[in-house]
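Below are the chains, spelled out letter by letter.
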Amino acid sequence: MKPIEMEAVQQHLERFIDKEVYVHLETTNGAYASHVNSEAYNVGAYIRNAKVKFSQARIVGDGKSYRAGLKMEFGWIYAEGLSDWTIHGDNQLLLAGHDREGRLMVSLQLSEAPFRY
Amino acid sequence: MEKHVVVIYPHPDDESFGAAGTITKFRKQGVSVTYLCGTLGEMGRNMGSPTFANRETLPEIRKEELINACKALDIDLRMLGYRDKTLEFEDRQTVAEHLKDILEEIEPSLVITHYPDYAVHPDHNALGAAAVEAVRHMDETKRPVVWAQAISNNFPDVLGKPDIVNDVRDIFDKKMAAISAHKSQANGVLGQFQQNPKNKAEILEGAKKALGKERFYIWDYDK
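Residues numbered from 1 in each chain as written. Chains lettered and ligands numbered in written order. Predicted model: local features only at pLDDT ≥ 70, side-chain atom pairs only at ≥ 80, totals over all residues.

**Q** So what exactly am I meant to see when it comes to the environment of Gly48(B) here?
**A** As for its placement among the helices and strands, Gly48(B) is situated in the loop between β2 (32-37) and α2 (58-73). Linking Gly48(B) and Asn187(B), residues 139 residues apart in sequence, is a C-alpha distance of 7.2 Å. If near-sequence neighbours (up to four positions away) are discounted, Gly48(B) is found in contact with Gly102(A), Ala53(B), Lys183(B) and Ser184(B). (Helix = DSSP H or I, 4+ residues; strand = E, 2+ residues; numbered from the N terminus. Contact = placed C-beta atoms within 7 Å.)

Encoded structure:
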């Protein structure tokens, strides 16, 4: 993945507007967080291949860390801490945030076909 | 001497971090070893350091790494096709039946797996429990011995002294070769054992300290 280029990502987000698309949304701090640090908490959530439709999409940020918001008929899809992006395979838009060691902390991905695996 | 050893863990790299030394000792004796790997670690957060994988490329990358690690260890590999982080939500009896079918085919004399409830990662606990269950369902005369590996910080206090302690520091280069095959995971995991290492020697030192002894409990089916 490469550092987010806001205008390019914005254009890609808009490709998915008003279409039925598959979303992968995830955040994690790993299964070993409280094992290596007894004061830490294991927290994570993901939803994969949920079919959604949104009418607005925007990425906002300060050049280092970005937020994305997708407005649906009855709610929002939101991710914070995004730093990198790529287009994978058949035009799938992958956005992710990584920590100093390159570990994934958050991801938001959109695709017109279901994600594999 | 063992006839055939089957290792049952859920993730590509569990075999290398957890049991590569023990596996190497068995292979040196000419004992066949088969690794049943539960998932492809699809949801891992280590993407290489520096990052070279992403959520969608990670499964194929880890599959390749797993194949390479098994080559380095000179063992057979079967991938079970479950999904990372979901093993505890699968029906345990169904997973146990799946494992039992494979064990009845291979007829191992020893099974190595995680110690249920003391193996930190939910996938470790769930697959370990299913493996213990699978062997329990086998014909008593054909049951392999089960070595269960605990990882949790509290395990020695609760479970007592492990029955098997394999000091593998004399063959640690083999273990590191297997770990290093997992390129996307190795640095991230090794980094946990040593805060701000100055060089490779320090990383190796930290790894040796944390991973130099492989400990197992012999599962007691009469309890």
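**Q** Mind showing me how you'd approach the packing of helix α1 (residues 14-28) of chain B against helix α6 (residues 172-181) of chain B here?
**A** Angle between the axes and distance between the axes: these two values describe a pair of packed helices. All names here are of chain B. At a closest axis distance of 9 Å, the pairing of α1 and α6 adopts a crossing angle of 140°. By the angle between their axes, α1 is oblique relative to α6. Pair α1 / α6 crosses with right-handed handedness. Contact residues: Ser16, Phe17, Ala20, Gly21 and Thr24 in α1; Lys174, Lys175, Ala178 and Ile179 in α6. (Axes fitted to C-alpha atoms, helices over the stretch in contact; angles between N-to-C directions. Parallel < 35°, antiparallel > 145°, perpendicular 65-115°, else oblique. Left-handed = near helix turned anticlockwise from the far one by under 90°.)

**Q** Just to check I follow, could you spell out helix α3 (residues 92-106) of chain B for this structure?
**A** Note that an α-helix has 3.6 residues per turn; residues three or four places apart therefore point the same way. Residues and elements named next belong to chain B. Spanning 15 residues, α3 covers 21 Å between terminal C-alpha atoms, matching the ideal 21 Å at 1.5 Å per step. Within α3, burial applies to Val95, Ala96, Leu99 and Leu103. Within α3, the buried residues cover an arc of 95° as seen down the axis, which keeps them to one side. For α3, the exposed residues lying more than 90 degrees away from the buried face are Thr94, Asp101 and Glu105. At its buried positions, α3 is contacted by β1 (4-9), β4 (110-114) and α4 (122-136). Of the residues flanking the end of α3, it is Glu107, one or two places downstream, whose phi is positive at about 55°. (Expected span 1.5 Å × (residues − 1). Buried ≥ 20, exposed ≤ 12 C-beta atoms within 10 Å, placed from the backbone. Arc of directions from axis to C-beta.)

**Q** What exactly am I supposed to notice about the pairing of strand β3 (residues 76-79) of chain B here?
**A** For a regular strand, side-chain orientation follows a simple rule: the groups alternate between the two sheet faces. Residues and elements named next belong to chain B. Here β2 runs beside β3; their pairing, made up of four bridges, is parallel. Of the residues in β3, the one forming a bridge with Leu36 is Arg78. Taking the sense of rotation as the criterion, the β-α-β connection linking β2, α2 and β3 turns out right-handed. (Pairing = 2+ DSSP bridges. Right-handed = clockwise from strand over helix to strand, strands pointing away.)

**Q** Help me understand the environment of Glu88(B) in this model?
**A** Residue and element names in this part refer to chain B. Mapped onto the elements of the fold, Glu88 is located in the loop between β3 and α3. Taking the C-alpha atoms as reference points, Glu88 and Ala129, 41 residues apart in sequence, are found 9.6 Å from one another. Leave out the neighbours within four places in its chain, and Glu88 touches Pro122, Asp123, Asn125 and Ala126.

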